[in-house]
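Next come the chains, spelled out residue by residue.
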Amino acid sequence: MARGKLRIYLGAAPGVGKTYAMLSEAHRRIERGTDCVVGFVEHHERPRTEVMLHGLEQVPRKRLDYRGATFGEMDIDAVLRRAPAVALVDELAHTNIPGSRNAKRWQDVEELLAAGIDVVSTVNIQHLESLGDVVESITGVRQRETVPDEVVRRADQIELVDMSPQALRRRMAHGNIYQPDKVDAALSNYFRPGNLTALRELALLWVADRVDEYLNEYRSEHRVSKIWGSRERIVVGLTGGPEGRTLIRRAARLAEKGAGGEVLAVYIARADGLTAASPKELAVQRTLVEDLGGTFHHVVGDDIPAALLAFARGVNATQIVLGSSRRKAWQYVFGPGVGATVARESGPDLDVHIVTHDEVAKGRGLPVARGARLGRARIIGGWVVGLAGPAILAVLLNTVDLGLANDMLLFLAVTVAAALLGGLLPALASAAFGSLLLNYYYTPPLHRLTIADPKNIVAIAIFVGVAVAVASVVDLAARRTHQAARLRAESEILSFLAGNVLRGETGLEELLERVRETFAMESAALLERAGDVEPWTCAGRAGFGPPLERPEDADVDVPVGDHLALALTGRVLPAEDRRVLAAFAAQAAVALDRRRLQEEADQARALAEGNRIRTALLAAVSHDLRTPLAGIKASVTSLRSADVAWSEEDQAELLKGIEEGADRLDHLVGNLLDMSRLQTGTVTPLIREIDVDEVVPMALGGVPEDSVDLDIPESLPMVAVDPGLLERSVANLVENAVKYSPPRCRVLVSASAMGERVEVRVVDRGPGVPDEAKDRIFEPFQRYGDAPRGAGVGLGLAVARGFTEAMGGTLNAEDTPGGGLTMVLSLHAAGSRPESLPVGEDIAEPERQAL
């Protein structure tokens, strides 16, 4: 059986019309004679959507009981038995009610597709799993119901349902999306213009990437090598020289002229890894291209023009930007150059721009990674073997006659040994000295520097040639081995730096310590100054050397821009080490910028949080505190009025109202003061060991006597807490539970021991809280649902959690089996208190607030 086809209407935000578009598609298909049924569609009481269901066959839903309520879910078995050609399944990311065959609705859809049924479904962009963190950072709401991106990407058709933020907000204001009582809250929170604009951009970009994937798949399947200019993609060829910045900016200007332009900077390194550009300059250029919205790519290839063209065609580029050659005029005898070759071989589908710059015709000037000289001990050993070896061998051969051929082979062996130890020069000296000894002692006429037989002349010439050739090969191999080992070490260091850049793990001090250890220096410091004439200051340092006032005072200094420098003390580094050190310096500058950006972000977050608290506090003062004050004033005015003769019952009622208003004011002001103490970090717990059953009953004074059941075993271990803070925390939890419990349903307060902790549970049978809101209810100024203003300012749970965490405990919300909410307050048992928490005898708190 052929697999069914999946069509998805992807919405940029709730309410843009995904379900309406899906139902319209269903009516069109039915008009064409297609067997189409509604598997599950939720109209959310939207009249226009509900009207679109008329005339469509709906498969009856399956009813499931959960937490005392009955819910309707798609009956997957009924749809499979009906076996339509097309099934409509709304809300692809929906989580099914426990007891359903599958946990997620997209899994139900997979079953329908496997049965050969085409499915038309809907999903919003914020429900894609990969975008969860991004959506949360934009809207402040964590999406609990998500669908894997791969499920949506596998769809045969994806249609974007979009709407401008202004139009969507008008639709919301007209009551076409939510009920009127929820419109104001939605417009002020999730449906803010900025949120909707960001979600719309996410949806457009995601769909554009999907379309790009379709295009690449089509070109690959049909073997289309010709470039299709669907949008401008500009490839910038970088050499690592300073002209790269000019090329990147020029490419960015070209991209801005076309809609959807994209810049891809590429640096092509040789496959042998023996030559490379400046890591510092490449790091700067990488940052520049990313700041301009482009991407940086590193490609390996020996034939640079071919590699550049292959990369450009692989990414479906339309233009290539190259710099004018830096070669001098006489260097063109070696070939036409990269720019001319790329322009000649690009063909008609690729435009090549040659951009002039300040480095034209100034020579290549690129640094070359040359292998360091062989070690001092090896060079000395090579000279010893190269000079003393032939002399010792001549003395030994004077005692035995082995023949001229064997004598030459032995002298050749000494030359090879000199090359292995000391390199080329000791080997050449050994070959020259050995040839003189061969001529003097073993070639007739003996003991004279002349040769009688011409054949011996040829033999000695061959010996010298072979010795030089072997010495050259051995020396080159030794140096290449040394180079490979060094480059491998450099690659490991650069890989470490690249990983840290991607993960953002290493701080400035840790990086400087790594620099100091890598290069065996005494100290490393990053110096900065505000201007060219300003004094230098230390932004970070590692090691034990004396502080540096200027980069010039250090043994090694590497500038990073105009006002930053990496300075090291301990020894002078060889030139080949400075290439890797430049990469470290560039990374140190990035780490410094990251640290300062993080500090600024933290300050901005603290200011934003403080502003939010102040705004909510003003709202609370303007309404919640004014309400009881107004009641008190009205009662007092009535009592003082001489126009009315109040009975004793009326006076008692008015006095009761005054007392209740004063109690409410006291409770609200207490919570506000507690929240301010928590926000400013001035809560200092006075920890001591105490029994739970001594504190919890005292916390029930603010609730009716018949509203709470206590279950506190006397056998519980003692807990290490602040009694006052614990009493206040439990009181807030119990008051909150009683407030939302149904009439005649008592709240249960129980306690139990769990290993080294004691848990206090406050259990109610109220409406409960959804999983996605369980963390949010502990934030300041949060009310459940549509609680009236008189219910409080929403600080009770925030204060309870703050006090609990100050004592080293935890406070979390769980579902009550059978319906309701359970608050779990976990405390340290006596003897298991963390060392970071103070005990009562160790702390003095003269300004402790009486609770």
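From a predicted model like this one, the values you see are computed outputs, not experimental measurements.

Quick look at a nonpolar patch on the surface
- A contiguous nonpolar patch, built from Trp383, Leu387, Leu425, Leu428 and Val468 and spanning about 410 Å² of accessible area, is present on the exposed surface.
- Where the nonpolar patch is concerned, the elements lending two or more residues are helix H14 (376–397) and helix H16 (424–442).
- Here Leu428 shows up in helix H16.

Quick look at the sheet that holds strand S2 (residues 36–40)
- Here six strands make up an open sheet; going across it, the order is S3-S2-S6-S7-S1-S8 and the pairing parallel. Two strands close off the open sheet at either side, each with one partner strand: strand S3 (57–58) and strand S8 (157–161).
- Pairing of S2 with S3 involves two bridges; the strand directions are parallel. Each residue of the ladder has a partner; that of Val38, found in S3, is Gln58.
- With respect to the sheet, helix H1 (residues 18–31) is in contact with strand S1 (6–11), S2, strand S6 (86–89), strand S7 (118–124) and S8, its orientation differing from that of S1 by roughly 145 degrees.
- Of the strands in this sheet, S1, S2, S6 and S7 touch helix H4 (residues 105–114), which is tilted by about 180 degrees from S6.

Some remarks on the side chain of Gln319
- By secondary structure assignment, the location of Gln319 is in strand S12 (residues 319–323).
- Those residues within four positions of Gln319 in sequence are excluded, and the remaining contacts are Glu232, Arg233, Ile234, Val235, Leu254, Leu350, Asp351 and His353.

As for the pattern of salt bridges
- For the structure on display, the rule yields 22 salt bridges.
- Linking Asp815 and Lys774 is a salt bridge whose minimum nitrogen-to-oxygen distance equals 2.7 Å. Highlighted residues: Asp815 in strand S23 (residues 810–815) and Lys774 in the loop between strand S22 (757–763) and helix H24 (796–806), separated in sequence by 41 residues.
- It is possible to trace a salt-bridge network through shared partners that takes in Arg7, Glu25, Arg28, Arg29 and Glu159.

A look at the packing of aromatic side chains
- In the structure shown here, the tally under the stated rule is zero aromatic pairs.
- Over the ring of Phe40 we find Arg105, and its NZ or CZ is 3.9 Å from the ring centre.
- Just above the ring of Phe778 sits the side chain of Arg801; from NZ or CZ to the centre is 3.9 Å.

Describing the confidence of the model for the protein chain
- Of all residues in the protein chain, 77% attain a pLDDT of 70 or more, and the chain-wide mean is 77.
- The spread of mean pLDDT over the elements of the protein chain runs between helix H8 (residues 180–188), the lowest at 62, and S6, the highest at 94.
- Low pLDDT, under 50, characterises residues 786–791; the stretch is placed with nine contacts to residues that sit more than four places away or in other chains.
- Segment residues 835–851: pLDDT under 50, and 25 contacts once partners within four positions in sequence are set aside and those in other chains are kept.

Quick notes on a negative patch on the surface
- Residues Glu648, Glu649, Asp650, Glu653, Glu659, Glu660, Asp663 and Asp666 make up a contiguous surface patch of negative charge.
- One can find Glu649 in helix H21 (residues 648–680).
- By relative accessible area, Glu649 is classed as exposed at 58%.

Let's talk about a positive patch on the surface
- A cluster of like positive charges, contributed by Arg249, Arg250, Arg253 and Lys257, occupies part of the molecular surface.
- Relative to the helices and strands, Lys257 resides in the loop between helix H10 (244–256) and strand S10 (262–269).
- By relative accessible area, Lys257 is classed as exposed at 66%.

So, empty space enclosed by the protein
- Summed over all chains, the structure comprises one cavity of 30 Å³ or more.
- Empty space within the largest cavity amounts to approximately 30 Å³.
- Lining the largest cavity are Ala12, Ala13, Met163, Pro165, Leu168, Leu196 and Arg200.
- Those elements that provide at least two residues to the lining of the largest cavity are helix H7 (165–173) and helix H9 (193–221).
- Split by residue class, the lining of the largest cavity holds six nonpolar, no polar and one charged.

Notes on unusual backbone geometry
- Of note, the phi angle at Glu91 is positive, near 55 degrees, even though the residue is not glycine.
- Mapped onto the elements, Glu91 comes out in the loop between S6 and H4.
- Positioned with a positive phi, Arg744 is a non-glycine residue whose angle comes to about 65 degrees.
- Among the structural elements, Arg744 can be located in the loop between helix H23 (723–740) and strand S21 (747–754).

Focus on the nonpolar core
- Leu88, Leu92, Leu112, Ile125, Val147, Leu168 and Trp206 are the most contacted members of the largest nonpolar core, which totals 60 residues.
- Other than its neighbours up to four places away in sequence, Leu88 contacts Met22, Leu23, Ala26, Cys36, Val37, Val38, Gly39, Phe40, Val41, Leu56 and Val120.
- Core analysis: the next-biggest nonpolar cluster, separate from the first, contains 43 residues, Leu716, Leu797, Met823 and Leu827 among them.

Looking at the sheet that holds strand S17 (residues 564–569)
- Taken in spatial order, the four strands make up an open sheet running S15-S14-S17-S16, and their pairing is antiparallel. Strands with a single pairing partner mark the edges of an open sheet, and in this sheet they are strand S15 (537–543) and strand S16 (556–559). Within this sheet the neighbouring strands show an average axis-to-axis angle of 15 degrees, counted without direction.
- Relative to S17, strand S14 (residues 523–528) is paired through six bridges, and the arrangement is antiparallel. Paired with Leu526 across the two strands is Leu566, which belongs to S17.

Each value, and the rule that gives it
Residues numbered from 1 in each chain as written. Predicted model: local features only at pLDDT ≥ 70, side-chain atom pairs only at ≥ 80, totals over all residues. Heavy atoms only, no water. Patch = residues over 30% accessible without salt bridge, like charges linked within 9 Å, V, L, I, M, F, W, Y side chains within 5 Å. Areas by Shrake-Rupley, 256 points an atom, 1.4 Å probe, with all protein chains shown as cover. Salt bridge = Lys/Arg side-chain N within 4 Å of Asp/Glu carboxyl O. Helix = DSSP H or I, 4+ residues; strand = E, 2+ residues; numbered from the N terminus. Pairing = 2+ DSSP bridges. Contact = heavy atoms within 4.5 Å. Axes fitted to C-alpha atoms, helices over the stretch in contact; angles between N-to-C directions. Phe/Tyr/Trp six-rings, centres within 6.5 Å; stacked < 30°, edge-to-face > 60°. Lys NZ or Arg CZ within 6 Å of the ring centre and 35° of its normal. pLDDT = per-residue confidence, 0-100. Lys, Arg positive; Asp, Glu negative; His and termini not counted. Charge placed at Lys NZ, Arg CZ, Asp CG, Glu CD. Buried < 20%, exposed > 50% of the residue type's maximum accessible area, 1.4 Å probe, protein only. 1 Å grid on protein atoms, 1.4 Å probe; cavity = no way out; pocket = protein on both sides within 12 Å on 5 of 7 lines; lining within 4 Å. Points joined across faces, edges and corners; volume = space filled by probe spheres on them. Nonpolar A, V, L, I, M, F, W, Y, C, P; charged D, E, K, R; others polar. Core = buried A, V, L, I, M, F, W, Y, C linked by side-chain atoms within 4.5 Å.

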